[in-house]
Every structure is written in C-alpha cells, then in structure tokens.
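Survey of secondary and tertiary structure
Here is what each chain is made of, one letter per residue.
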Amino acid sequence: MTTFDPTAAHADIRDGVARVCAGFPGTYWRDLDARRAYPTEFVAALIREGYLAAMIPEEYGGSNLPLTAAAVILEEIHRQGCNAAACHAQMYTMGTLLRHGSPAQKAAYLPGIADGSLRLQAFGVTEPTSGTDTLALKTTARREGDDYVINGQKIWTSRVEHSDLMILLARTTPRDEAASRTDGLSVFLVDLRDKIGNGVEIRPIRTMINHATTEVFFDNLRIPADSLIGEEGKGFRYILSGMNAERILIAAECIGDAKWFLKTGAAYASERVVFGEPIGANQGVQFPLARAQAHMMAAEAIVYRAAAMYDAGENPGVEANTAKLLASEASWEAAEACMQTHGGFAFAEEYDVERKFREARLYQIAPISTNLILCHIAERVLGLPKSYGPGRGE
C-alpha cells in the first residue's frame, strides 16, 4: 500500500519514542492503574531522552522543535499503548511562558524544565462554578506591595501533586470594573515547592481513569509580584493563544489511541478462531474496524494540517478545534470496534483494552467538550448566531 506520511521528517523521533515506550509495557500501566499511582519512571525516561523539552529553545537547553514534532511524540506514546496525560501539559502550558514570559522568568525556569529538575505540569484555570466559562472565574489575585495575595479554588487541575510549577489564571480586576469582558484576568507562574500547606491545599479527585486530577484551594497565598506573566489584566488572551496548541496535541494523542485500538483489534481478529476460522473473516467484524480506520485517517489528516498551519505562524483556531473533535471521535469509534472484536476478553485487564477504552472516552469532554467545538464551528465558519453566553441569538 502506498502511503503519504506528513510526519516523515520526524521518523527518527517516532522511532526513539517507541524505544522508550517499549520499556513500559501493559503490566507497568496496569500496576499504576490499580494503585492510582503516577508514572514517575516513565516521565523520567521521557525527560532523560529530551522529549519533554522538544519545544523549548536551544538557548535554554531544549531542542527548539516545531509543534508537529511534539504532536508526533505524543501520538507515538499513545500508539504504543502508553499514556502521555501524566506529562503532556508541559508541551502546551510552557507556551504561555515562552510567548509572554519576561527574559528573567525564562532564564530562571526554562533550563530547569528542560533538564527535568523542574516540572511544569499544572494548569489552574477551571473552577467549580465556571467550567468552560473562563471569564466567570472567581479566584482573585490582589496586589499588596511586592506580593500578590491569591484566594479561590480550582478544579480538574491535573498533576499538581507532581508539579513544581503551576500556570494560574486569576482575576486581578473585579469583573464589573474591567474595561471589557475579556480584561481583568492575569496569568501567574506559581512556584509550588514551598506552598503546599502554606496557602495551597490539594485534594485528589478519584475518577474513572488514573488521571492524577485534583481540586486546589488558595487561602491567602502570597507570591512575589514578579510571578506575573506579561501585563496585568491581559491573561485571558495569553491563555487563548495557547489553546490551539493544546487542541492539536490532544488530537494527536487521540490518533495514537485509535491506531493502538485498530492494531490490537485487527491482530485479535486474525488470531481468534471460532467455528474453524478467524473471526476477522466475517464482515460483521471487519467492517467496524475498517470504518474506524477510514475515520482515523481522515482525522489524522486534519490534525497534521492544523499542526503545519500552527508551525507556519497562522492562527488555525477552526482547524485545531476540528482536529480535536474528529480525532476524539475517531479514537472512540476505534475503541468501540476493538472492544466488540474482543468480546468478553475486552473486559479482562490483561488485554489492556478496558484501560485504554476508559482513557479514550475522556477526550470528548476534555480539554473542551464536543458541543462547544460544534458551537465554535457553527459561529465562526457557518456564520450562525451565537448559541450560548451574552449576545446569544444576536
């Protein structure tokens, strides 16, 4: 079969990631899943090989690779049956620091992030009462002399227990005093190393998958004023500027998951013999896998188109969101086909299908729900009236 690979330039990276993943088979992930433990050894291996520093400029110890290369790294991790959720945030949260941080902030933190002595994995944005309505968040940061004092609560802040640094979005101007709806929010780089129990409380949330997610409470947390990233009050646009990268990278993970499910399902269909022949000889088994393969290929094309646009300096908002939508649906379709192919054995932990099945479902919800992406496409591409929030229907 003749194929065109838009990621061929990064084949060496793909091969290298696969070699790292080979040291972390299904037994490793099943053990972590049972204990709800963080994959410390896996993350350390990725750091050691330089993969988590891929997008950091060379002057700070990174590889200065494009987003497409980062997408290949995360896709391959998932294609090999591993899970990048323990560390993928470093790829996109770092962008806020790279694009908007001061030279002093970059010099102070990026070398440590690149060599693994510092971990930037936590992203504090979502709150219990605001959800995806980021402009409604209530966590405040009040300037007092040379400090900011932070009070409030975040939820679904993953990996904060395993992170030294957090990117935090907080309100610095009351909403009714802000110059516009999008003004008044600011971004901070919070050093957590001496803050747990000293203004920061973390409460783990037990979930369907081993995702290390938490609630975080801020009680008169004092941080230096130079923790502010960029200009005060402009934080919302700083966060938005990184969301395209987030969507693309998560979509690449979904493509990796889909490829794992399809390879695993096809292998089982070829090996499992019932009534004297492989079950894969039956169209009822073939067609769901084949359809999922076709949809995965279509989603993969838009993922790497969006990545190429991002690397070219364009603003691929529609493409990035479309990639995340289609890739998450393709991975779930592949998961369904793989599980159905395995029948009862899909529920046995040793096959890893049930673990990957649970993990794949998350990405139709996070980091943004399918419905909100459809709203975005309807409004931005089709010119339909806004269907949520202020100005609805106008």
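Here, the structure is the one placed above.
Read on for an overview of the structure. (Residues numbered from 1 in each chain as written. Predicted model: local features only at pLDDT ≥ 70, side-chain atom pairs only at ≥ 80, totals over all residues. Heavy atoms only, no water.)

Counting its regular elements, the protein chain contains eleven helices and ten strands. What you see for the protein chain is a C-alpha radius of gyration of 22 Å, in line with the 21 Å of a compact globule of 394 residues. Summarising its shape, the C-alpha atoms of the protein chain cover approximately 80 × 50 × 40 Å along the three principal directions. Burial statistics for the protein chain: of 394 residues in total, 54% are counted as buried. When contacts within the protein chain are restricted to residue pairs at least 6 apart in sequence, long-range pairs at least 24 apart make up 73% of them. (Helix = DSSP H or I, 4+ residues; strand = E, 2+ residues; numbered from the N terminus. Rg over C-alpha atoms; globule rule 2.2 N^0.38 Å. Buried < 20%, exposed > 50% of the residue type's maximum accessible area, 1.4 Å probe, protein only. Contact = heavy atoms within 4.5 Å.)

In this section: the nonpolar core. One finds Phe24, Phe42, Leu46, Ile73, Ile77, Leu249 and Val303 to be the most contacted residues of the largest nonpolar core, which totals 75 residues. At 14 residues, the largest contribution of residues to this core is made by helix α7 (residues 235-271). Among all residues touching Leu46, those that are not within four sequence positions of it are Val20, Tyr51, Leu52, Ile77 and Cys87. (Core = buried A, V, L, I, M, F, W, Y, C linked by side-chain atoms within 4.5 Å.)

Its 13 residues place the ends of helix α6 (residues 103-115) 18 Å apart at the C-alpha level, agreeing with the 18 Å of an ideal helix rising 1.5 Å per residue. The largest bend along α6 measures about 30 degrees and falls at Tyr109, with the proline Pro111 one to four residues further on. All of the buried residues along α6 are Gln105, Lys106, Tyr109, Leu110, Gly112, Ile113 and Ala114. On its buried face, α6 sits against α5 (89-100), β1 (120-124), β4 (165-171), β5 (185-191) and β8 (228-229). Positive backbone phi, approximately 90 degrees, marks Gly116, located one or two places after α6. (Expected span 1.5 Å × (residues − 1). Bend = angle between axes of the 7 residues up to and from the residue.)

Under the definition given, this model contains 23 salt bridges. Through salt bridges with shared partners, a single network forms among Arg14, Glu75, Glu76, Arg79, Lys259 and Glu300. (Salt bridge = Lys/Arg side-chain N within 4 Å of Asp/Glu carboxyl O.)

The residue Ala294 is located in helix α8 (residues 283-311) in this model. Judged by its relative accessible area of 43%, Ala294 is partly exposed. Between the C-alpha atom of Ala294 and that of Arg392, which follows or precedes it by 98 residues, the distance is 37 Å.

Everything listed here is a matter of coordinates, which is why it stays silent on function.
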